[in-house]
Amino acid sequence: INQNGLFNGAISGPGTFEIIYDFDSFCASPSITFIEVVSLVDASISSVPELCESGSSINLSATDLGGVWESDCINCLINNSFDPQLSGPGTFIVTYAITGVCSDEDVTEVIVLEQTDATITLPAELCIDAGTIFAAAPSFGGEWSASCGSCIDASSGEIDLAQAGPGILTVQ
């Protein structure tokens, strides 16, 4: 405490301190009280990677423990465990708050990506003179490859059967 009676917790640091106020007089009685200086808290949420909707739950973390986790998704966040199978695809807001004398809060987005389906649709057998056919899959944007090398167009899935030749063709 300085001569003006000001107590600076930033100088003292955390802890419990006894404060005495007294007069320099025979008839005075001192007053004693205690003040507790509490450490700052940090609710900073650690980085969260993008998740797949079919993925496993992940445990979210923050710098300091003792806070409460909340999200705008229904039932996808239990304590600090976020479940992308329950959230489904989308962008979700997650908040972590530590309350008390010293409080802090952080907010982050959790992005859950839609599961892609790479199930290939092709006939089981074809005649070599059928020309070209197209491989198909429910989800677009993938890259095609086949055991015949350049007989398949990597972006369109077009297969040149004459170039592939007779035999079993593996398409991915």
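For the structure, check the block above.
This text gives an overview of the structure that appears in the document. (Residues numbered from 1 in each chain as written. Predicted model: local features only at pLDDT ≥ 70, side-chain atom pairs only at ≥ 80, totals over all residues. Heavy atoms only, no water.)

### Regarding the overall build of the protein
Consideration 1: Counting its regular elements, the protein contains three helices and 11 strands.
Consideration 2: When the helices and strands of the protein are read in sequence order from the N terminus, they spell out α-β-β-β-β-β-β-β-α-β-β-β-β-α.
Consideration 3: For the protein, whose C-alpha radius of gyration is 33 Å, the value lies well above the compact-globule estimate of 16 Å for 172 residues.
Consideration 4: Taken along the three principal axes of its C-alpha coordinates, the protein extends 120 × 30 × 20 Å.
Consideration 5: Taking all 172 residues of the protein together, the buried fraction comes to 23%.
Consideration 6: A separation of at least 24 residues holds for 44% of the contacts in the protein among residues at least 6 apart in sequence.
Consideration 7: Accessible surface computed for the protein: about 11800 Å², of which carbon and sulfur atoms make up 52%. (Helix = DSSP H or I, 4+ residues; strand = E, 2+ residues; numbered from the N terminus. Rg over C-alpha atoms; globule rule 2.2 N^0.38 Å. Buried < 20%, exposed > 50% of the residue type's maximum accessible area, 1.4 Å probe, protein only. Contact = heavy atoms within 4.5 Å. Areas by Shrake-Rupley, 256 points an atom, 1.4 Å probe, with all protein chains shown as cover.)

### Side note on a nonpolar patch on the surface
Consideration 1: A cluster of nonpolar side chains, namely Ile20, Ile32 and Phe34, defines an oily patch on the protein surface of about 330 Å² accessible area.
Consideration 2: Residue placement: Phe34 occurs in strand β2 (residues 31–37).
Consideration 3: Look at Phe34 and you get exposed, because its relative accessible area is 58%. (Patch = residues over 30% accessible without salt bridge, like charges linked within 9 Å, V, L, I, M, F, W, Y side chains within 5 Å. Salt bridge = Lys/Arg side-chain N within 4 Å of Asp/Glu carboxyl O.)

### Thoughts on the nonpolar core
Consideration 1: In this structure, Leu60, Trp69, Leu77, Phe82, Val94, Tyr96 and Val110 are the most contacted members of the largest nonpolar core, which totals 17 residues.
Consideration 2: With four residues, strand β8 (residues 90–98) is the largest single contributor of residues to this core. (Core = buried A, V, L, I, M, F, W, Y, C linked by side-chain atoms within 4.5 Å.)

### Some remarks on the sheet that holds β8
Consideration 1: Here four strands make up an open sheet; going across it, the order is β3-β9-β8-β5 and the pairing mixed. A strand with exactly one partner marks an edge of an open sheet, and here the two such strands are β3 (51–52) and β5 (68–71).
Consideration 2: Sheet analysis places β8 next to strand β9 (residues 104–113), joined by nine bridges and oriented antiparallel. Considered in β9, the bridge of Ala97 is made with Glu105. (Pairing = 2+ DSSP bridges.)

### Details of the state of the cysteines
Consideration 1: Taken as a whole and assessed by the stated rule, the structure comprises two disulfides.
Consideration 2: The disulfide partner of Cys73 is Cys76, and the gap between their sulfur atoms is 1.4 Å. Both residues of the pair, Cys73 and Cys76, belong to the buried class.
Consideration 3: Note that Cys148 is cross-linked by a disulfide to Cys151, the S-S spacing being 1.3 Å.
Consideration 4: For the protein, numbering the cysteines in disulfides from first to last along the sequence yields the connectivity 1-2, 3-4.
Consideration 5: Cys76 supplies the cysteine sulfur nearest to Cys52, a cysteine that is in no disulfide, at a spacing of 16 Å.
Consideration 6: According to the relative accessible area criterion, Cys52 is partly exposed, its value standing at 41%. (Disulfide = S-S within 2.5 Å.)

### Remarks on the packing of aromatic side chains
Consideration 1: The full count for this structure, using the stated rule, is four aromatic pairs.
Consideration 2: Pairing Tyr21 with Phe23 gives two aromatic rings, centres 5.4 Å apart and planes at 70°, and the pair type is edge-to-face.
Consideration 3: For Tyr21, a relative accessible area of 55% gives the class exposed.
Consideration 4: Each ring, one from Trp69 and one from Tyr96, has its centre 4.3 Å from the other, and the planes form 35°; the classification is tilted. Taken together, the residues span a long stretch of sequence, with Trp69 in strand β5 and Tyr96 in strand β8 at a distance of 27 residues. (Phe/Tyr/Trp six-rings, centres within 6.5 Å; stacked < 30°, edge-to-face > 60°.)

### A look at the environment of Phe7
Consideration 1: Considering the arrangement of structural elements, one finds Phe7 in the segment before α1 (9–12).
Consideration 2: Between the C-alpha atom of Phe7 and that of Ile35, which follows or precedes it by 28 residues, the distance is 9.6 Å.
Consideration 3: For Phe7, the contacting residues outside a window of four places in its chain are Ile1, Ser12, Phe17, Ile19, Ile35 and Val37.

### Re the environment of Gly165
Consideration 1: Counting through the fold element by element, Gly165 comes out in the segment after α3 (161–164).
Consideration 2: For the pair Gly165 and Phe92, spaced 73 residues apart in the sequence, the C-alpha separation amounts to 50 Å.

### As for the sheet that holds strand β4 (residues 58–59)
Consideration 1: The strand order across the open sheet formed by three strands is β4-β7-β6, and the pairing between neighbours is antiparallel. Each edge of the open sheet carries a strand with a single partner, namely β4 and β6 (77–78).
Consideration 2: Relative to strand β7 (residues 81–82), β4 runs antiparallel, the two being bridged by two bridges. By the bridge assignment, Ile58 is partnered in β7 with Phe82.

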